[in-house]
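So you can see what is in the structure, the chains are spelled out below.
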Amino acid sequence: MNFLEGAQIAIDSLMLLKREVKITAYDTPPDSIGVVRMLTNPEFKEANMVIGTFPNSLVNAAVGAAKMANVNLLLTQAGTTSVLDNYANTALAFASTITQCRGMVSFMMAQYPDSKVILVYRTTKREEELAAIYKDEILKDKQSHEFVEHKSIEKGDKEIAALLSKTKRNVIFLISSDEAFISPVLSLFEEQNIFGVMVAGLPTWQNFESIDFMSMKNVQVMLFDNNFISYDAPERSVFRKAFISKYQNDPLNAAYNGFDIVFKMGIGFENREQKFQNWIRKSFPESTSDFNFIGDGFGGMENKFISVLKFNDYNLERINLK
């Protein structure tokens, strides 16, 4: 609902620019049959674009149905870009899980050359899957970095501290969303009194309640996010005021997303014959903050931009500004 409300404010703003946009909202069906039936409906075929939020289990069905109906489909989320393969009329508005992980590794490796890179994860299915993505990207960018991989089995794993280098910068990719595991590990790193230990965490760490990241003197925590909103930016303040005035409520991130996507695509629209990828490129030029749509030429496009964040005065701030 917040996405729709943000989109409606975008429509109001476009009307002031003499650009008329009509939007129709549907609930996401609970199964693949419903998704196919919906996207092959004649009303969807007439739409210039369908913006869809689907659970990962239904994304493939949605893309298949869109291809069958020749519909331009902009997905808001997906775990992997494989869903974009072989259909140029699809796009992913926010970086997939795999792209986010790869982007964070690339940033940290470039930011801290000639460092010791440590990959820490536990023997759980999800963490091992993510660690495989990290390891692949680390080895690709390794160059002069020293690299060590550590599987942690016990919650109070003291062996992790012995991995830290006393002569090189330590860059640690800590692949877990378990606060009960992360907290003692960070404390262990802090207790080693080795200054400048850089720990790259996951987006889920933003919701941790028991860890005071600002109290650490030796450990610097960095996170990443594919949908970070800089609320202090002037244009965000203008939108927030408009949203509160219209709906008497504070906007969630989805509302900002709805505004950004609909407003920018509304500005970039030319005519019905416009190719979807050309429409996206015009709507989100390379200079556009928060959006960096890239395609491989064989399928759809993905917004590969992520925000790399660090804690400053108990707030998160982006450090990879365009």
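Just above, that's the structure.
Please read all numbers here as calculations on a predicted model, not as lab measurements.

*Asks:* I'd like a rundown of the sheet that holds strand 8 (residues 219-225), residues and numbers included.
*Replies:* The sheet built from seven strands is open, its strands ordered 5-4-6-7-8-11-12 with mixed pairing. Taken across any chain shown, the strands that pair with only one partner, and hence form the sheet edges, are strand 5 (146-152) and strand 12 (315-318). If you compare each strand with its neighbour and ignore which way they point, the axes differ by 25° on average. Sheet topology note: the strand 11 (residues 307-312)/strand 12 ladder contains four bridges and is antiparallel. Within strand 12, the residue paired with leucine 309 across the bridge is arginine 318.

*Asks:* Break down the packing of aromatic side chains for me, citing the residues and quoting the values.
*Replies:* This model, assessed by the stated rule, comprises 17 aromatic pairs. Consider the rings of phenylalanine 239 and phenylalanine 259, whose centres lie 5.1 Å apart with planes at 50°: the pair is tilted. You can see phenylalanine 239 sitting in helix 8 (residues 234-247) and its partner phenylalanine 259 sitting in helix 9 (residues 253-268), a full 20 residues away along the chain. We note that phenylalanine 239, like phenylalanine 259, is buried. Ring plane angle 10° and centroid distance 5.4 Å describe the contact between phenylalanine 259 and phenylalanine 263, whose orientation is recorded as stacked. A residue pair is termed a helical-turn pair when its members lie 3 or 4 positions apart in one helix, as phenylalanine 259 and phenylalanine 263 do in helix 9 at four residues. Three or more aromatic residues joined by ring pairs make a cluster, and in this case those are Tyr231, Phe239, Phe243, Tyr247, Tyr256, Phe259 and Phe263. Positioned over the ring face of phenylalanine 181 is arginine 122, at 4.8 Å from the centre of the ring.

*Asks:* Could you give me a rundown of the packing of helix 1 (residues 2-16) against helix 8, with the residues and numbers involved?
*Replies:* Relative to each other, helix 1 and helix 8 sit at 105°, their axes nearing to 11 Å. Relative to helix 8, helix 1 is oriented roughly perpendicular. Contact with helix 1, carried on its side by Asn2, Glu5, Gly6, Gln8, Ile9 and Asp12, involves Phe239, Ala242, Phe243, Lys246 and Tyr247 of helix 8 and no other residues of that element. Taken together, the residues of the contact of helix 1 with helix 8 break down into five nonpolar, three polar and three charged.

*Asks:* Before we move on, can you summarise empty space enclosed by the protein with the specific residues and values?
*Replies:* Taken as a whole and judged by the stated rule, the model has one cavity of 30 Å³ or more. Space inside the largest cavity adds up to approximately 100 Å³. Around the largest cavity sit 16 residues that line it, and Phe94, Asn226, Asn227, Phe228 and Asp290 are the ones nearest its centre. Split by residue class, the lining of the largest cavity holds six nonpolar, five polar and five charged.

*Asks:* Describe in detail the pairing of strand 7 (residues 197-200), supporting the description with residues and values.
*Replies:* Residues of strand 7 alternate between two faces, with Val197 and Val199 on one and Met198 and Ala200 on the opposite face, all of them buried. Relative to strand 7, strand 6 (residues 170-175) runs parallel, the two being bridged by three bridges. Looking across to strand 7, one finds that isoleucine 172 is bridged to valine 199. A crossover connection joins strand 6 to the parallel strand 7 through helix 7 (residues 179-191); in handedness this β-α-β unit is right-handed. Bridge analysis of strand 7 against strand 8 gives four bridges, and the strand direction is parallel. Paired with methionine 198 across the strands is glutamine 220, a residue of strand 8.

What counts and how
- Residues numbered from 1 in each chain as written.
- Predicted model: local features only at pLDDT ≥ 70, side-chain atom pairs only at ≥ 80, totals over all residues.
- Heavy atoms only, no water.
- Pairing = 2+ DSSP bridges.
- Helix = DSSP H or I, 4+ residues; strand = E, 2+ residues; numbered from the N terminus.
- Axes fitted to C-alpha atoms, helices over the stretch in contact; angles between N-to-C directions.
- Phe/Tyr/Trp six-rings, centres within 6.5 Å; stacked < 30°, edge-to-face > 60°.
- Buried < 20%, exposed > 50% of the residue type's maximum accessible area, 1.4 Å probe, protein only.
- Lys NZ or Arg CZ within 6 Å of the ring centre and 35° of its normal.
- Parallel < 35°, antiparallel > 145°, perpendicular 65-115°, else oblique.
- Contact = heavy atoms within 4.5 Å.
- Nonpolar A, V, L, I, M, F, W, Y, C, P; charged D, E, K, R; others polar.
- 1 Å grid on protein atoms, 1.4 Å probe; cavity = no way out; pocket = protein on both sides within 12 Å on 5 of 7 lines; lining within 4 Å.
- Points joined across faces, edges and corners; volume = space filled by probe spheres on them.
- Right-handed = clockwise from strand over helix to strand, strands pointing away.

All we've got here are geometric facts, nothing functional implied.
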